[in-house]
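As a plain string of letters, each chain reads:
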Amino acid sequence: GYPLVVKPRSGSVARHVITNIQDSGTLKMAIHKAILYSPAFIIEKFIAQAVVHRATVIDFDYVACVKQVPANVVGNGISTVRELINKKNSSPHRGKPNQKEYTLYTIVENEATEIVLSKKGYTLFSVPKESEVVFLQHDPFLKLGGDLVEVTSAVHADNLELFRQVARFFDMRVVGIDFLAQDISRSFKEQPCAILELNSVPCIELHHFPYSGAPQNVAAVVADLFFKYYL
């Protein structure tokens, strides 16, 4: 049943992924896009209003977690959406999508941006209110200008234990778990949620360079793991 998500079976770093598919026409288009990358694809249930979290588990115990937020700007009651985008994109911490040395990227403006803004009755020249969050994309992909919010201290104990159990079940001493939930501070037992996938070579820089929140030194824990088992 709809809504659905279609993506290549093998990792494509969120490329060729279509979310919130509501009809057969869009489903066929999404499958066609997925098989341009890989002949095998996956169809998953889309969970509305859920947020993507990346939990990195080291040695079946240590857990760090960031929340992925779609590209957005925050109003100040003076600047237009266009001016706010330009200001955010000017940050030295944001690179272009083809610059692999960056973790965060400049906000991409496309048809989805126009649709998201129009649903709020906004254009690029609207002036958002003070502290108003204005989203510019549906999907939280970093290559579209999404943000990373460090949330390790807020993760519910049940969710921490779930992540550790997953790592133990698959016998992965270093694993990145993509977890969908509306509120990471609530138990997975009390809300619609899902594990999207496991990453055997997770991008630990996500935890070192969040847009907001205290960075987590995952690299140090990985180094300790190396010395513990391999030296």
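Look a little higher up for the structure.
What you see is a predicted model; the values in this text were computed from it and never measured.

Colleague: Quick question: what am I supposed to make of the environment of V66 here?
Modeller: Position of V66 among the secondary structure elements: in strand β5 (residues 62-69). Counting along the chain gives 51 residues from V66 to L117, while the straight-line C-alpha distance between them is 26 Å. Other than its neighbours up to four places away in sequence, V66 contacts V52, H53, R54, L148, V149, E150, V151, L206 and H207.

Colleague: Please explain the sheet that holds strand β4 (residues 51-58) as it appears in this structure.
Modeller: Each strand in a sheet pairs with another by means of backbone hydrogen bonds, the pair being arranged parallel or else antiparallel. Pairing in this open sheet of 5 strands is antiparallel, and the strands run β10-β5-β4-β11-β12 from one edge to the other. A strand with exactly one partner marks an edge of an open sheet, and here the two such strands are β10 (147-150) and β12 (193-199). Taking the axes of each pair of neighbouring strands and ignoring which way they run, one obtains an average angle of 25° across the sheet. Across 4 bridges, the pairing between β5 and β10 is antiparallel. Each bridged residue has a counterpart across the sheet, and for V69 the counterpart in β10 is D147. Relative to strand β11 (residues 174-181), helix α4 (residues 157-169) is tilted by about 135°, and along the sheet it contacts β4, β5, β11 and β12.

Colleague: Sorry if this is basic, but what is going on with the pairing of strand β1 (residues 4-8) here?
Modeller: Here is the key point about a regular strand: its side chains alternate between the two faces of the sheet. Among the 5 residues in β1, 5 count as buried, and that is most of the element. Alternating residues of β1 divide into L4, V6 and P8 and V5 and K7, and every residue in both groups is buried. The pairing of β1 with strand β2 (residues 18-21) spans 2 bridges and is classified as antiparallel. Bridge pairing links V6 to I18 in β2.

Colleague: Is there a simple way to think about the sheet that holds β2 in this case?
Modeller: Ordered by their spatial adjacency, 3 strands build an open sheet running β2-β1-β3, and the pairing between neighbours is antiparallel. Edge positions in the open sheet fall to β2 and β3 (41-45), since each of these has one partner strand only. With direction set aside, neighbouring strand axes in the sheet form an average angle of 20°. Of the strands in this sheet, β1, β2 and β3 are in contact with helix α1 (residues 24-37), which crosses β1 at around 15°.

Colleague: What should I look at first to understand unusual backbone geometry in this one?
Modeller: Excluding glycine, residues mostly have negative phi values, and the peptide bonds linking residues are mostly trans. In this structure, P3 follows Y2 across a cis peptide bond, with omega equal to 0°. The topology assignment puts P3 in the segment before β1. A positive phi is found at N20, a non-glycine position, where the angle reads about 55°. Note that N20 resides in strand β2.

Colleague: Just to check I follow, could you spell out helix α2 (residues 81-89) for this structure?
Modeller: Within an α-helix, residues lying three or four positions from one another point in the same direction, as the helix has 3.6 residues per turn. For α2, every residue scored as buried is listed here: V81, L84, I85, K88 and N89. End-on, the buried residues of α2 take up no more than an arc of 130°, which puts them together on one face. Of the surrounding elements, those touching the buried residues of α2 are β6 (72-74), β7 (94-95), α3 (111-119) and β10.

Colleague: Got a minute to help me understand the pattern of salt bridges in this structure?
Modeller: Oppositely charged side chains are able to pair whenever their charged atoms sit close together. Counted by the stated rule, this structure contains 11 salt bridges. Across the salt bridge formed by R173 and D59, the nearest N and O atoms sit 2.5 Å from each other. Of the two residues, R173 sits in the loop between α4 and β11 while D59 sits in the loop between β4 and β5, which places them 114 residues apart along the sequence. What makes D59 buried here is its relative accessible area of 18%. Through salt bridges with shared partners, a single ionic network connects K7, E44 and E197.

Reading the values: the criteria
- Residues numbered from 1 in each chain as written.
- Predicted model: local features only at pLDDT ≥ 70, side-chain atom pairs only at ≥ 80, totals over all residues.
- Heavy atoms only, no water.
- Helix = DSSP H or I, 4+ residues; strand = E, 2+ residues; numbered from the N terminus.
- Contact = heavy atoms within 4.5 Å.
- Pairing = 2+ DSSP bridges.
- Axes fitted to C-alpha atoms, helices over the stretch in contact; angles between N-to-C directions.
- Buried < 20%, exposed > 50% of the residue type's maximum accessible area, 1.4 Å probe, protein only.
- Arc of directions from axis to C-beta.
- Salt bridge = Lys/Arg side-chain N within 4 Å of Asp/Glu carboxyl O.

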